[in-house]
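Descriptive analysis of the structure
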Amino acid sequence: MMRIIFERSGGFMGRKVSLDLDLATLPPDQADAVKLLVAESDFLNLTALPTNVSAPDGFAYSITVETGTIQHTIQASDANFPQALRPLLDDLLARARSR
Amino acid sequence: MSHHHSIFCILPPHMLDQVAQSGTTAQRDMAARTLAASRQIRDRRGSITTSVMRGSITATGTAQRTVYDAKFGTNLPGSIARKEGDAPVADVAVNEAYDGSGATHDLYSVAFGRNSIDNHGMNLNSTVHYDKGYDNAFWDGQQMVYGDGDEDLPASERLFNRFTISLDVIGHELTHGVTQYEANLVYKNQQGALNEAISDIFGSLVKQYQRDQTADAADWIIGEGLFTANINGAGIRSMKAPGTAYNDPVLGKDPQPAHMKDYLTTGQDNGGVHINSGIINHAFYISAIEIGGYAWAKAGQIWYKTLTEKLNSNSNFQNVADLTFQTAGEIFGVGSLEQIGVKTGWTEVGIAVVDSGGGIPPIPIPGGDGCLKGLLRSVGLAK
Ligand SMILES: [Zn+2]
Ligand SMILES: [Zn+2]
């Protein structure tokens, strides 16, 4: 199993966008695609970023990945967002933004 | 004798033009020299300032703008799309960033005598087309960054237009730079909400100045034009009526408070910096309306002096209330209409000003006239 809890807060408007994604609820091919994004970003081995970097009006991001045995959270902002996580972020944002 | 109640009097150029075209030869010469001197140091667009009291020009420096294109990626600054002096390009976002940073530079230069973000002529760098579906704009500590809103979604699902569409957003972002070089307010809790309000205040003044609007004629909306037609809202925030800027099935209702009793304590958004700024925004709005005229000329002057000379990184709501009141007394006189206007603004949002004394005693202004009369008199066209 894998669950991803995603949140984007702050920004010019201060509006929160969030997503609680249980991969078991996705079609298998989509679930596999998300798992691949998590694996390719090496998410579970990324260490915490400095939290004191916040640009005025920049977004703050929080991504938590839960598996059966592990829970890992990365928090970052527009000013220090890791490049390796961009593909996963793009996917999560697209899901969170779609209505 | 010229009047003494204000430091700067700011006039649209058409008024000076009028002076230059009438009166005696000597009067016309003086007005013409003022216009010429102003125009030498300013670009073609805006108004000019004249200090009636000192008879000197206070506009400062020329804008040095560069607009970059991130081409929907996240590497900053991106590639150069237009630099200072270049003709407009085909890309509307590039031109908006260029013109908007120019308009912001103008307000700071003309109204406050400030030479760019750092007051030392710092280059104004902007990046447009940042990221894909990036419905935001921010100041990264060195430059302005603008997304294109929901350009990646089908038109029927888009909530946001490109963020350069709104001039007050550009003024807002650039003002974060000014604040960084001045008070350097912590971006959290009350300090952060004050930081946000300062950006909204001066962002709104940029728009009012460009439109030549007095306080009562301005809409006081922040982020006008940012929402697509799919959203029910005038903009992101309303300084005139916080909490009423939008009310929409998708976005919900504008959450801004207009009074301390509704101050929101939250862990989100650095302690609700974009929420609680409504309280300060509204206090400024009320003061500007109470004082009357162009908001940048008096209320803006009080806030600019407070920001650049008195606030520090830890200043909270009570501090800025007390300090703007004190500053109004210093500029316009203790018990002046301007100082009372500032106090009224704070009272209406639930902040009681603590009067620490100081300031200058009120000076009677013969005839109680404003800037225009003062200017006319200074060139001999009025008594
Ligand atoms: Zn801001
Ligand atoms: Zn005056």
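Scroll up to find the structure this text is about.
Attention here is on the structure that accompanies the text. Throughout, residues of each chain are indexed from 1 in the direction in which the sequence is written. As they are written, the chains are lettered A onward and the ligands numbered 1 onward, keeping that order. Local features in this predicted model are restricted to residues of pLDDT 70 or higher, and side-chain atom pairs are both shown and tallied only at a pLDDT of 80 or more, whereas totals for entire chains, interfaces and linings draw on every residue. Side-chain numbers here rest on the full set of heavy atoms in the structure, without hydrogens or water.

Digging into the sheet that holds strand S4 (residues 79-83) of chain B
Residue and element names in this part refer to chain B. DSSP bridges decide pairing: two strands pair if at least two such bridges lie between them. Comment: elements are numbered from the N terminus, with helices defined as DSSP H or I runs of at least four residues and strands as E runs of at least two. Here five strands make up an open sheet; going across it, the order is S4-S3-S5-S7-S6 and the pairing mixed. Either end of the sheet is taken by a strand with one partner, and the two such strands are S4 and strand S6 (137-139). Pairs of neighbouring strands in the sheet enclose a mean axial angle of 20 degrees, with direction left out of account. Relative to strand S5 (residues 124-128), strand S3 (residues 65-69) runs parallel, the two sharing five bridges. Note on S5: the bridge partner recorded for tyrosine 68 is threonine 127. Whether two residues are in contact is decided by their heavy atoms: any pair within 4.5 Å suffices. With axes taken as lines fitted to C-alpha atoms, and helix axes fitted only over the stretch in contact, angles between N-to-C directions fall between 0 and 180 degrees. Relative to S6, helix H4 (residues 167-181) is tilted by about 20 degrees, and along the sheet it contacts S5, S6 and strand S7 (144-146).

Section: the packing of aromatic side chains
Here the aromatic set is Phe, Tyr and Trp, taking the six-membered ring for Trp, and pairing holds for ring centres within 6.5 Å; pairs whose planes are under 30 degrees apart are stacked, those over 60 apart are edge-to-face, and all others are tilted. Per the stated rule, a full pass over the model turns up 22 aromatic pairs over all chains. A centroid spacing of 5.8 Å and a plane angle of 75 degrees characterise the contact between tyrosine 263 of chain B and phenylalanine 317 of chain B, whose relative ring orientation is edge-to-face. Placement of tyrosine 263 of chain B in the loop between strand S11 (252-253) and helix H6 (269-291) and of phenylalanine 317 of chain B in helix H8 (residues 317-332) is noted, with a sequence separation of 54 residues between them. One aromatic cluster is present, built from ring pairs that chain together Phe59, Tyr61 and Phe81 of chain A together with Tyr130, Tyr134 and Phe138 of chain B. Think of it as a cone above the ring: NZ of Lys or CZ of Arg counts as a charge over the ring if it is within 6 Å of the ring centre and within 35 degrees of the ring normal. Here the guanidinium or amino end of arginine 8 of chain A rests over the ring plane of phenylalanine 59 of chain A, the centre of that ring lying 3.7 Å away. Residue placement shows arginine 65 of chain B over the ring face of tyrosine 98 of chain B; its charged tip is 3.8 Å from the ring centre.

Considerations on the coordination of the zinc ion (ligand 1)
Here the zinc ion (ligand 1) is held by the protein donor atoms Asp57 of chain A (OD), Asp57 of chain A (OD), His172 of chain B (NE2), His176 of chain B (NE2) and Glu196 of chain B (OE), which lie 2.0 to 2.2 Å from it. Placement of the pair is aspartate 57 of chain A in the loop between helix H1 (28-40) and strand S3 (59-67) and glutamate 196 of chain B in helix H5 (residues 189-211), with the two residues belonging to separate chains. For Na, K and Ca the donor cut-off is 3.2 Å, and for all other metals it is 2.8 Å, counting N, O and S atoms only; because water is absent from this set, sites may look incomplete.

Quick notes on the interface of chain B and chain A
In this complex, chain B contributes 39 residues to the contact, which on the side of chain A involves 23 residues. Between chain B and chain A, roughly 2,400 Å² of surface is buried when both sides are summed, and carbon and sulfur atoms account for 49% of that area. Buried area: the accessible area, evaluated with a 1.4 Å probe, that two parts lose upon being put together, summed over both parts. Among the residues chain B hides against chain A, the three largest losses belong to Asn136, Tyr187 and Gln268 of chain B. Together they make up 18% of the total. Criterion for a salt bridge: a side-chain nitrogen of Lys or Arg within 4 Å of a carboxyl oxygen of Asp or Glu. Salt-bridge contacts for aspartate 131 of chain B lead to arginine 86 of chain A; the nearest nitrogen and oxygen are separated by 3.6 Å.

Some thoughts on the nonpolar core
All names here are of chain B. Grouped together as the largest cluster of nonpolar side chains are 84 residues, with contacts concentrated most on Phe202, Trp303 and Trp346. Domain ranges listed in this record stem from an automatic or a database domain assignment. Two domains each donate at least three residues to this core, and these are domain 1 (60-165) and domain 2 (183-352). Apart from residues no more than four positions distant in its own chain, tryptophan 346 is found in contact with Ile280, Ala283, Trp303, Val320, Ala321, Thr324, Ile351 and Val353. By convention a nonpolar core is built from buried Ala, Val, Leu, Ile, Met, Phe, Trp, Tyr and Cys residues, the set being connected through side-chain atoms within 4.5 Å. Only protein chains enter the accessibility calculation, which uses a 1.4 Å probe; a residue whose area is less than 20% of its type maximum is buried, one above 50% is exposed, and one in between is partly exposed.

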